[in-house]
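These are the residues of each chain, in order.
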Amino acid sequence: MLFEEFRKIIEERFPEVTPEQMEQFRKMEGLYREWNAKINVISRKDIDELYRHHVLHSLGIAAYIKATMPDVYDRLRGDGPYSIAEALKIVELGTGGGFPGIPLAVMFPHAGFTLCDSIGKKIIVATEVSKGLELRNVKTVNARAESLPDTFDYIVSRAVTSLENFMPWVKGKYAEGILYLKGGDLAEEISTAMAKFKMRKGSVHVWPLSRWTEDPFFETKQVIFIEK
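Sequence positions are assigned chain by chain, starting from 1 and proceeding in written order. For a predicted model such as this one, the threshold for reporting local features is a pLDDT of at least 70, and the threshold for listing and counting side-chain atom pairs is 80 or more; totals across whole chains, interfaces and linings nevertheless cover every residue. By convention in this description, side-chain values take in all heavy atoms of the structure and omit both hydrogens and water.

## Structural notes on the environment of Arg136
And then number 1: Looking at the element boundaries, Arg136 is found in the loop between helix H8 (120-132) and strand S3 (138-142).
And then number 2: On the accessibility criterion, Arg136 (80% relative accessible area) is exposed.
And then number 3: In sequence terms Arg136 and Tyr154 are 18 residues apart; their C-alpha atoms lie 19 Å from each other. Secondary structure follows DSSP: runs of H or I at least 4 residues long count as helices, runs of E at least 2 residues long count as strands, and numbering of each begins at the N terminus. Only protein chains enter the area calculation, which uses a 1.4 Å probe; residues under 20% of their type maximum are buried, those over 50% are exposed, and those in between are partly exposed.

In structure tokens, the structure reads:
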């Protein structure tokens, strides 16, 4: 997927995106190619499909929020009455090179993002790409999730581990919910996590990205939303 195809999709699905934000999305490819050549965090196959495999995939979380939590979506963007509201705090765990955190930080300029990873070289890439995009709402942290002292409104992540492993990392660290990108058949994994951590019935929502796009790449990919 080239940028022009990505741009058309965004203009159709997120017409509220500003020209300045679109320019930030455009600049991503050059920045990632530059930094990936120095510190390899994205495979050659994936860097050639950056917009489909990484940027658009990350924005699946934005699509879910827009479709199911429109007030939260407007607040994250700072639209309307939310322009003077206190910024929501979001932490991304296992950010790698900055996905889904960096595309979401572009989409949601009124939110504060903390991108966390325990691997230093990955944080270097996320940090430098954020600087190159002039994202003032992003800070990066080289740390393990369990060591973070703060509490956030939302946690986002992309398939860093099973929910059974993930939930202990985030205990006591979020006030509203978790937005988790994952693929495949998740029924057993969700059932196991719900039983082990005594999660209440109806607190876990699974939203297939195929509701948002017909692109075959997203056919088995989903957003999991876990309410507090």
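From this point on, the discussion continues.
## Notes on the packing of aromatic side chains
And then number 1: Pairing of aromatic rings covers Phe, Tyr and the six-membered ring of Trp, with a centre-to-centre limit of 6.5 Å; geometry is then stacked below 30 degrees between planes, edge-to-face above 60, and tilted otherwise. Overall, the coordinates contain 13 aromatic pairs when judged by the stated rule.
And then number 2: Pairing Phe3 with Tyr51 gives two aromatic rings, centres 5.6 Å apart and planes at 55°, and the pair type is tilted. With Phe3 in helix H1 (residues 3-13) and Tyr51 in helix H4 (residues 50-58), this residue pair connects regions lying 48 residues apart in the sequence.
And then number 3: Note on Phe3: relative accessible area 13%, which makes it buried.
And then number 4: Judged by centre distance (5.5 Å) and plane angle (85°), the ring pair of Tyr73 and Phe108 falls under edge-to-face.

## Structural notes on the sheet that holds strand S7 (residues 221-227)
And then number 1: Read from one edge of the open sheet, seven strands run S3-S2-S1-S4-S5-S7-S6, paired in mixed fashion. Taken across any chain shown, the strands that pair with only one partner, and hence form the sheet edges, are S3 and strand S6 (204-208). The average undirected angle you get between the axes of adjacent strands in this sheet is 20°.
And then number 2: Being paired, for any two strands, means DSSP has found at least two bridges between them. As paired elements, strand S5 (residues 174-183) and S7 share seven bridges and run antiparallel to each other. Looking at the pairing, Leu179 lines up with Phe225 of S7.
And then number 3: Across the sheet, helix H5 (residues 60-68) lies against strand S4 (152-158), S5, S6 and S7, angled at about 110° from S6, the strand it touches most. Helix axes are fitted only over the stretch in contact, all axes being lines through C-alpha atoms; the angle between N-to-C directions runs from 0 to 180 degrees. Two residues qualify as a contact provided that any one of their heavy atoms is within 4.5 Å of a heavy atom in the partner residue.

## Remarks on the pairing of strand S2 (residues 112-117)
And then number 1: Across the six residues of S2, five count as buried, placing the element largely inside the fold.
And then number 2: Two elements, strand S1 (residues 89-93) and S2, share five bridges in a ladder whose sense is parallel. Residue Val91 lies in a different strand from S2, and its bridge partner there is Thr114.
And then number 3: When the strands point away from the viewer, a crossover counts as right-handed if the route from the first strand across the helix to the second turns clockwise. Regarding topology, helix H7 (residues 101-107) serves as the crossover connection from S1 to the parallel S2, and that connection is right-handed.
And then number 4: Considered for its hand, the β-α-β crossover made up of S2, H8 and S3 is right-handed.

## A look at the pattern of salt bridges
And then number 1: Basic side-chain nitrogens of Lys or Arg form a salt bridge, by our definition, when they fall within 4 Å of a carboxyl oxygen of Asp or Glu. Applying the stated criterion to the full structure yields 16 salt bridges.
And then number 2: With a shortest N-O distance of 3.7 Å, Glu128 and Lys131 are connected by a salt bridge. With Glu128 and Lys131 both in helix H8, this residue pair falls three residues apart, about one helical turn.
And then number 3: Each of Glu5, Glu49, Arg52 and Asp215 takes part in a single network of salt bridges with overlapping partners.

## Observations regarding the nonpolar core
And then number 1: With 58 residues, the main nonpolar core has Phe6, Phe25, Tyr32, Leu59, Ile65 and Phe108 as its most contacted residues.
And then number 2: Counting residues in each nonpolar core, the second largest holds 22 residues, with Cys116, Ile155, Leu186 and Ala193 among its members. Take the buried Ala, Val, Leu, Ile, Met, Phe, Trp, Tyr and Cys residues and link them wherever side-chain atoms come within 4.5 Å; each set so joined is a nonpolar core.

## Some points on the environment of Phe6
And then number 1: Relative to the elements of secondary structure, Phe6 occurs in helix H1.
And then number 2: Given the relative accessible area of 0%, Phe6 is considered buried.
And then number 3: With 27 residues separating them along the chain, Phe6 and Arg33 place their C-alpha atoms 17 Å apart.
And then number 4: Setting aside chain neighbours within four positions, we find Phe6 in contact with Met1, Phe25, Tyr51, Val55, Leu56 and Leu59.

## Notes on the side chain of Arg158
And then number 1: Here Arg158 shows up in strand S4.
And then number 2: When charges are tallied, Lys and Arg are placed among the positive residues and Asp and Glu among the negative ones, while His and the ends of the chain are skipped. Although Arg158 lies buried, it forms no salt bridge, and the closest oppositely charged side chain, Glu92, sits 6.4 Å away as judged by the N-O distance.
And then number 3: What qualifies as a polar contact is a pair of N or O atoms within 3.5 Å, subject to a donor-acceptor requirement within protein and to the restriction that residues adjacent in sequence count only when both atoms come from side chains. A polar contact of 3.1 Å, which involves the side chain of Arg158, links it to the backbone oxygen of His53.
And then number 4: A distance of 2.8 Å separates a polar atom in the side chain of Arg158 from a polar atom in the side chain of His54.

Just distances and angles here, no functional claims.
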